[in-house]
Every structure is written in C-alpha cells, then in structure tokens.
Amino acid sequence: KLSKRLQMIADRVPLGSKLADIGSDHALLPTYLAQQGVIVFAVAGEVNPGPFEAATRQVLECGLSKKISVRSGDGLAVIEPGEVNVITIAGMGGSLMASILEAGKRKLEGVTHLILQPNVGEDQVRRWLLAEGWKLDAEAILEEDGKIYEILTATAGHAGDKSSQEALYAEHMLPGGVTVTRERLLQMGPYLMKEAPEVWFTKWESELKKLAMIEGQLKLSSADASVAKAEQIAQEIKEIEEVI
Ligand code: SAM
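The following refers to the structure shown.

What counts as what
Residues numbered from 1 in each chain as written. Predicted model: local features only at pLDDT ≥ 70, side-chain atom pairs only at ≥ 80, totals over all residues. Near = placed C-beta within 6 Å. Helix = DSSP H or I, 4+ residues; strand = E, 2+ residues; numbered from the N terminus. Nonpolar A, V, L, I, M, F, W, Y, C, P; charged D, E, K, R; others polar. Buried ≥ 20, exposed ≤ 12 C-beta atoms within 10 Å, placed from the backbone. Pairing = 2+ DSSP bridges. Right-handed = clockwise from strand over helix to strand, strands pointing away. Axes fitted to C-alpha atoms, helices over the stretch in contact; angles between N-to-C directions. Parallel < 35°, antiparallel > 145°, perpendicular 65-115°, else oblique. Left-handed = near helix turned anticlockwise from the far one by under 90°. Contact = placed C-beta atoms within 7 Å.

As a further point, take the site of the ligand. In the neighbourhood of the ligand, 17 residues make up the surrounding shell, with Gly23, Asp25, Asn48, Ala90 and Gly91 lying closest. Among the elements of the structure, strand E2 (39-46), strand E4 (86-92) and helix H4 (94-103) are those that each provide at least two residues to the shell around the ligand. For the shell around the ligand, the element with the most residues is E4, which contributes three residues. The class makeup of the residues in the shell around the ligand is eight nonpolar, six polar and three charged.

Quick look at the structure:
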C-alpha cells in the first residue's frame, strides 16, 4: 500500500502512460502503477547508488523488469527524447526540481504531463512552468504524518495558453480591497488560493510563524542588509496574512 502522498501522485497519472519517475528511490510509484495496469512502461531514474539498487531490487522482486527500466543517472539524463509522455518528480526541493527540468529540457519533447511534488520551494516550480510555457492544470495539498505536501500537475502548453497562464498569475484585488501580487500567487498557488482548503491554511499559518521567527532574528542585527531583509520579510508577512 502506498503512502497517502504517493497515492495522490499515482491518482494523477493518466491511464496508458509511459512514465519516467525521476528520483524514484525504491521505485514504489512505478511498481504500483504497473501492478494496477495504469502505465504501459516506466523508467525509474536514480542518481544515487543506494536508491538505485533498492529500485532495481524492487522491480526484480515484483517481476516487472519487462515493464520498468531502472536507470542510473542525473535527472532527465536517464530518458531519450520521445521515450515517455508523463514525468513524475516527487520528494525533493523545488529548486532542485526546476534545475532538473531546466537541464533536461531537450528530453521533454513528447512529454504531455508533469506531476511534481516539491517538498519545499513550490514557487520555483511554478516559476519554471510559467517561464517554459507549461500549463498549470491543478494543485493539491495534503497532510501526512504531520507534514504538508503540495502536488502540482501541468500539461504541455499550446498556442493560446500563454495568456491563460498570465491571467492565472495576474495581480488582482480581493473583495476586501487587498491586492494579491504575482509573487504571492507563485508562492501560495493560484488554485490553492482560490479553493483555500483547510490544510493550505494550516500550512500558511505555520509558514507565518517561521517568517516571524526569521524577522525577529534579523532585527537583532543593525547591519543594513539585515534591516532591509527584515523589512522585506515584514512586508511578506503582511501580504500573506491579508491573503489568508
Ligand atoms: N520519489 C520518491 C518519493 O517521493 O517517495 C523518493 C523521494 S527521495 C526523498 C528523493 C530521491 O531523489 C532520492 O532517492 C535521491 O537519490 C533522488 N535524487 C536526488 N537528486 C536527483 C537527481 N538529480 N536525479 C535523480 N534522482 C535524484
């Protein structure tokens, strides 16, 4: 049985996919999806030897070697252009995720769906998707074992998507007269902000506490850079408070 987090990612993989799961660790996601008959083929990519061996063992033990190819390599280096149509990357930071996608751009030819679950730095993933013409389709948020995770799904952009994506992140005013900046939308998620699930509030309440702590630390110093950073964080806190 998958964790709630991996199950939610699995639920977003379209039937009949050829999948690449990058940073697959024990290859739990591709093995589950192959067993369920959701995917027809998968590449499980791993850069580290330990997880690579764990993935290899798992696929062998499940008798899935014909369907799942376990490959050792950095990011998208493990796939050929056109080989897969869906990519999942889960359980790493958003900046690493964005750099993996950026470095492997050439490999995204023929990829129609990206399902991404950054542990932190979701804004960097949204920023990359927006800049590269991907269409953010949906956002989900969940809590498991006291941790909160977001899952972002994007589809390959078509002509005309650029303006819809610009609209998704457009600065706008809330009924109460509060301005929601593009920066806040990238940080907090345009769909999550609209749907405002309970867990999303919990997340931002806890982020606000962290930011207040950082602000407090910075205020102990009188260095110009610290003062400036503290002011910036104070503004960020104010904006987040207004949005939630
Ligand atoms: N995707 C699984 C999940 O969500 O449960 C495993 C997440 S695990 C915390 C992150 C995995 O990403 C590790 O096994 C690590 O070795 C792998 N990883 C980190 N950087 C990578 C890269 N540049 N290319 C491929 N795998 C990478």
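For the rest of this paragraph, the subject is the pairing of E4. Across the seven residues of E4, five count as buried, placing the element largely inside the fold. Pairing geometry for strand E1 (residues 17-22) and E4, over four bridges, is parallel. Paired with Ala20 across the bridge in E4 is Ile87. Following the chain from E4 across H4 to the adjacent parallel strand E5 (residues 113-118), one finds a crossover that is right-handed.

Axis separation between H4 and helix H5 (residues 122-131) bottoms out at 7 Å; the angle between their running directions is 25°. Comparing their axes, H5 and H4 come out roughly parallel. In the packing of H4 onto H5, the handedness of the crossing is right-handed. Residues Gly94, Ser95, Met97, Ala98, Leu101 and Glu102 of H4 form the contact with H5, whose participating residues are Glu122, Asp123, Gln124, Val125 and Trp128. Across the contact of H4 with H5, the residue classes break down as five nonpolar, three polar and three charged.

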